[in-house]
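Coordinate inspection notes
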Amino acid sequence: MVINTFRTVPLYRELWALSGRTDPVVVPGRLGVHSGAIAKEEAVRRMVDLVPLAGGVAVTHSLRGLGPVLAARNTFRGRGFVAVLDKKDVLSPTDLPRGVVGCVLDQSTGVSESAWHALTTALRRNETVVAVGTDKQLVELVTALPEQLSTALDVVPRRDLTELDNGPYGLLHDSVLGYLGTLRQCGRWHLDWRRVYARQTDAGLAFTLLRQRSPVFVDVLLGPGSLGRCQRHGTPVILP
Amino acid sequence: MIATTVHDPRHDPVPAGWADFVACQHLYAPWDFELLGMEAWLSRNPPLLVVARSGKEIVGAMTALVCAPGQTRRYAPARPAGRFVPRVAQVYQPWLGGEGFVVPSRDRSVVRALERALRTRLGPGLVGMIYRNVPASLSPLVSGTGRVVRPVTPAASVLENRWGSAEEWLASLSRNRRKNVRRVDRLVAEDPSLVVRFGPGRSDVDAVALAGMLRTHRARFGRQRFDPRSPVGGAYLAAFLRRPDVHTLTYADADGHVHAFSTYLDHPVSPVLQFWATIGDRSHLYFDCHARAIRHVIATGRRELFAGRGMFTQKESLGFGARPMCVVGVPGPAVGQ
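Conventions adopted
- Sequence positions are assigned chain by chain, starting from 1 and proceeding in written order.
- Starting at A for chains and at 1 for ligands, labels are handed out in the order in which the entities are written.
- Local features in a predicted model are, by the rule used here, given only for residues with pLDDT of at least 70; side-chain atom pairs are given and counted only at 80 or more, and totals for whole chains, interfaces and linings are based on all residues.
- Secondary structure elements follow DSSP: runs of H or I of four or more residues count as helices, runs of E of two or more count as strands, with numbering from the N terminus.
- Buried means a residue has 20 or more other C-beta atoms within 10 Å of its own C-beta, exposed means 12 or fewer, and partly exposed covers the counts in between; C-beta atoms are placed from the backbone.
- Strand pairing follows a simple DSSP-based rule, namely that at least 2 bridges must link the two strands.
- Only the stretch in contact is used when fitting a helix axis, every axis being a line fitted to C-alpha atoms; angles between N-to-C directions are given from 0 to 180 degrees.
- Here a crossing is called left-handed whenever its near helix is offset anticlockwise from the far helix by less than a right angle, and right-handed whenever the offset is clockwise.
- This entry defines residue contacts through backbone-placed C-beta atoms, with two residues in contact when those atoms are within 7 Å.
- Throughout, the ten residues Ala, Val, Leu, Ile, Met, Phe, Trp, Tyr, Cys and Pro are labelled nonpolar, Asp, Glu, Lys and Arg are labelled charged, and all others, Gly among them, are labelled polar.
- Note that domain bounds follow an automatic or database assignment of domains.

Quick look at the overall build of chain A
Along the backbone of chain A there are seven helices and 13 strands. Over its C-alpha atoms, taken along the principal directions, chain A stretches across nearly 65 × 40 × 30 Å. Looking at the 240 residues of chain A, the share that counts as buried comes to 40%.

Some remarks on the sheet that holds strand β1 (residues 38–39) of chain A
Spatially, the four strands line up as an open sheet ordered β1-β11-β10-β9 (chain A), and their pairing is mixed. The open sheet is flanked by β1 and β9 (196–201) of chain A, the only strands paired with a single partner.

Considerations on the pairing of strand β7 (residues 148–160) of chain B
Residue and element names in this part refer to chain B. Alignment of β7 against strand β13 (residues 321–331), held across eight bridges, turns out to be antiparallel. Within β13, the position partnered with Arg150 by the bridge is Val327. As paired strands, β7 and strand β12 (residues 304–306) are joined by three bridges and run antiparallel to one another. Note that in β12 the partner of Leu159 across the bridge is Leu305.

Focus on the sheet that holds strand β12 (residues 226–229) of chain A
Residues and elements named next belong to chain A. Judged by pairing direction, the sheet is mixed, and its nine strands sit side by side in the order β3-β2-β4-β5-β6-β7-β8-β13-β12 without closing on themselves. Where the open sheet ends on each side, the last strands, each with one partner, are β3 (100–105) and β12. Averaged over all pairs of adjacent strands, the angle between strand axes in this sheet comes to 35°, irrespective of strand direction. Pairing geometry for strand β6 (residues 171–174) and strand β7 (residues 178–183), over four bridges, is antiparallel. Within β7, the residue paired with Leu171 across the bridge is Thr182.

Focus on the packing of helix α7 (residues 207–219) of chain B against helix α8 (residues 234–241) of chain B
All names here are of chain B. Remark: α7 packs on α8, axes separated minimally by 8 Å, with the N-to-C direction vectors making an angle of 115°. Classified by chirality, the crossing of α8 by α7 is right-handed. Along its contact with α7, which presents Ala207, Val208, Leu210 and Ala211, the element α8 presents Gly234, Leu237, Ala238 and Leu241. Classifying every residue of the contact of α7 with α8 by side-chain character gives seven nonpolar, one polar and no charged.

Regarding helix α2 (residues 33–41) of chain B
Residues that lie three or four places apart on an α-helix share one face, since the helix turns once every 3.6 residues. Among the residues of α2 of chain B, those classed as buried are Leu36, Gly37, Met38, Glu39, Ala40 and Trp41 of chain B. Structurally, α2 of chain B contributes buried residues whose contacts are with α2 (10–17) of chain A together with β2 (47–54), β3 (57–67) and α8 of chain B.

What about unusual backbone geometry?
The amide bond that connects Ser214 of chain A to the next residue, Pro215 of chain A, takes the cis arrangement and shows omega of -10°. You can see Pro215 of chain A is positioned in the loop between β10 (204–209) and β11 (220–223). A cis amide bond links Thr153 of chain B with the next residue in sequence, Pro154 of chain B, at an omega value of -5°. Checked against the element boundaries, Pro154 of chain B lands in strand β7. Look at His26 of chain B: it is not a glycine, yet its phi comes out positive at around 50°. Structurally, His26 of chain B is set in the loop between α1 (18–24) and α2. Phi at Met311 of chain B takes a positive value of approximately 50°, unusual for a residue other than glycine.

So, the interface of chain A and chain B
Residue-level contacts link 15 residues of chain A with 15 residues of chain B. Top contributing element to the side of chain A that touches chain B by residue count: α2 of chain A, with four residues. Classifying every residue of the side of chain A that touches chain B gives six nonpolar, two polar and seven charged.

Section: the pairing of strand β10 (residues 258–265) of chain B
Where a strand is regular, its side chains alternate between the two sheet faces. Residue and element names in this part refer to chain B. With seven of eight residues buried, β10 lies mostly within the body of the structure. Pairing between strand β9 (residues 246–252) and β10: seven bridges, direction antiparallel. Bridge pairing in β10 links Val246 to Leu265. Between β9 and the antiparallel strand that follows it, β10, lie five residues; Gly256 among them carries a positive phi value of about 95°. Inspection of the sheet shows β10 paired to strand β11 (residues 272–278) by five bridges, in the antiparallel sense. In the strand pairing of β11, Ser262 is matched with Trp276.

Some details on the domain arrangement of chain B
Residues and elements named next belong to chain B. Each domain of chain B was delimited in the assignment, giving domain 1 (2–152 + 325–334) and domain 2 (162–302). The gap between the C-alpha centroids of domain 1 and domain 2 is 28 Å. Counting residues at the interface gives 17 residues for domain 1, matched by 16 residues for domain 2. At the level of elements, α2 and β3 are the ones that each hand at least two residues to the side of domain 1 that touches domain 2. Looking at which element gives the most residues to the side of domain 1 that touches domain 2, the answer is α2, with three residues. Residues belonging to the side of domain 1 that touches domain 2 are distributed by class as follows: eleven nonpolar, four polar and two charged.

This is the structure we're talking about:
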C-alpha cells in the first residue's frame with residue numbers, strides 16, 4: 001500500500017521523495033516528524049494532491065466504511081434500513097450490505113417526506129432499522145417517532161477518537177476518513193482491520209485506508225489513543 | 001574537444017559551473033538545478049540534464065524527459081529499470097513549452113555531442129528522440145538526414161515591443177479590442193471584491209492551492225495525447241514562486257481566496273507569460289492578465305513577450321504575432337549522427 005502510494009500519489013511522493021527518500025522505507029533513527037505520519041488538517045488542505053496520477057475525485061466520503069462496520073454488529077438477512085443523521089450535503093452510504101437501503105436524514109433542515117415514509121414503513125414491517133448519529137441527533141429522532149415505532153429502532157451513536165466510551169453501542173467515525181470500527185459485544189472498540197490499518201506514533205494514532213482509490217489517505221493522524229489486541233476475538237482494538 | 005556529462009537531478013550534485021552558465025545565458029527559472037530535481041521526483045517522465053563542455057566552460061545543455069511505456073499512471077522509478085527497456089527522450093522544458101536545449105554558439109557538433117551522451121546513458125533501449133517546440137530559427141541545428149521535421153500548430157505567440165508607452169500600444173489595437181481592454185480595466189478597477197497583486201518572489205500565496213487550481217483548470221481541457229508532463233506539484237510551485245525572477249499575478253477576493261493567477265518569468269530580453277489558471281468563467285481576467293503583462297514589458301523596456309501557444313486569435317487581437325515552431329523526430333540510429 002505504502003509503496004504503491006509512493007509511486008502514484010503526489011502528496012506522499014512529495015513528502016517522502018523530497019525529504020531524500022528514494023523509497024518509502026523506515027530508516028532507523030530517522031523517523032521524521034510524528035514518525036512520518038501527516039496531520040489530518042494537512043491532508044484536507046492538500047486534497048487535490050491526494051488524487052493519484054491515474055485521476056479521480058478530490059471529495060471525501062464521510063460515510064465510507066459504514067456498511068462493513070454495521071455488518072460486523074447487525075444481521076440484516078437481506079433486508080434492512082439504515083438512516084444516517086448528518087448534514088444534507090453528505091453523500092449517501094454506498095457500501096451497505098446487499099438489500100439494505102440507506103439514506104441521510106438532516107433533521108436541522110427538516111427530513112424529507114419520502115425519507116420519513118421509508119423509515120416508518122421499514123419499522124412497521126419489523127425490518128432491521130438502524131439509525132446512526134450523535135447522541136443529540138438520535139434523541140431528536142426517537143422523540144419525533146411514534147412510541148411503538150421508536151422501540152423497534154436500533155440506535156447507534158457515532159463517536160470520534162476523542163469520544164470513545166464504554167458503550168454499550170457505538171461506531172468509530174472520522175469526518176474525513178469515514179467509519180473505522182465498532183464497539184463489539186466484548187466491550188472493546190474494534191478496528192475494521194480488513195479495510196483500515198492503524199499504527200501508533202508519538203502524536204497519536206495514524207490511520208490508513210486499505211481499500212481506496214481517490215482521494216488516498218495513508219498514515220493520517222486522527223487523535224490520541226493506543227492499540228491493543230482483543231483477547232476474545234484476536235483482532236486489533238483501540239484503547240482510549 | 002567537447003566533453004559531455006549526464007546528470008540525474010534527483011541524485012546527482014549540481015554540475016560544476018552550472019549556476020554561472022544559467023546566469024550568463026539568462027536561462028529561465030525552470031533550468032535551476034534544484035527545481036529540476038523537484039520536477040524529476042514529481043514526474044512520470046523525469047528529466048535528465050546533459051551538459052557539454054569545452055575545457056572547463058559549459059558550451060551547451062539539454063534537458064530530456066525520459067519516457068518509458070507504462071508510465072502514465074505512476075511516477076518514474078528512482079533508478080531506471082534496465083538498458084534494454086524501450087524509451088523515448090523528449091527534449092523539452094515542460095513548463096516553458098519548448099526550449100529543451102541551449103547552445104549559445106549554435107554549433108551543430110555540440111548538439112550532436114549532447115545527443116551521443118544521452119544515447120550512451122540510456123543505452124540500446126533508446127528508440128529515438130523528439131525535439132518538441134523548436135523555434136524555426138533553431139531547426140537547422142537539430143534537423144538532418146533521417147530526421148523528420150514537422151511544423152507545430154498553433155505557433156507560439158510572441159509580442160514584439162515596438163511601443164514607447166502603454167498608450168501607444170493601446171492606440172495600435174483595433175477599435176473593438178481597444179474598447180474591450182478599457183472596459184476590462186474599468187471592470188477590474190471598480191470591482192471592490194477583487195484584490196489584484198503582482199510581484200516577484202511572492203511568499204504570501206498558498207502555492208498548494210494554486211497548484212490545485214492549475215490542475216483543475218487544465219483538466220477542463222482534457223488530457224492531451226502523448227503529453228509527457230506530470231501535474232505541477234505543490235512543493236515545486238512553492239519553490240518556484242519564491243524566486244525573484246518569477247512574478248506572480250493573483251486575483252483574490254477580500255478573504256484572500258485566489259480566483260485566478262498567472263506567472264511571468266522575467267528575462268532581460270524575452271519574458272514569458274507562463275501559467276494561467278482560473279476558477280469558473282472569468283474570461284475578462286484572462287485579457288486583463290495579458291494587458292498587464294504587455295504594459296509591464298513596455299514599462300521595463302523588454303524586447304518581446306512570449307505567451308505560449310493557446311488562444312492565438314485572442315492574443316493576436318492584443319498585438320501578438322505568430323512565431324513558427326517545429327517538432328523534430330530523431331530515430332534511434334540517427335541519434336548523434
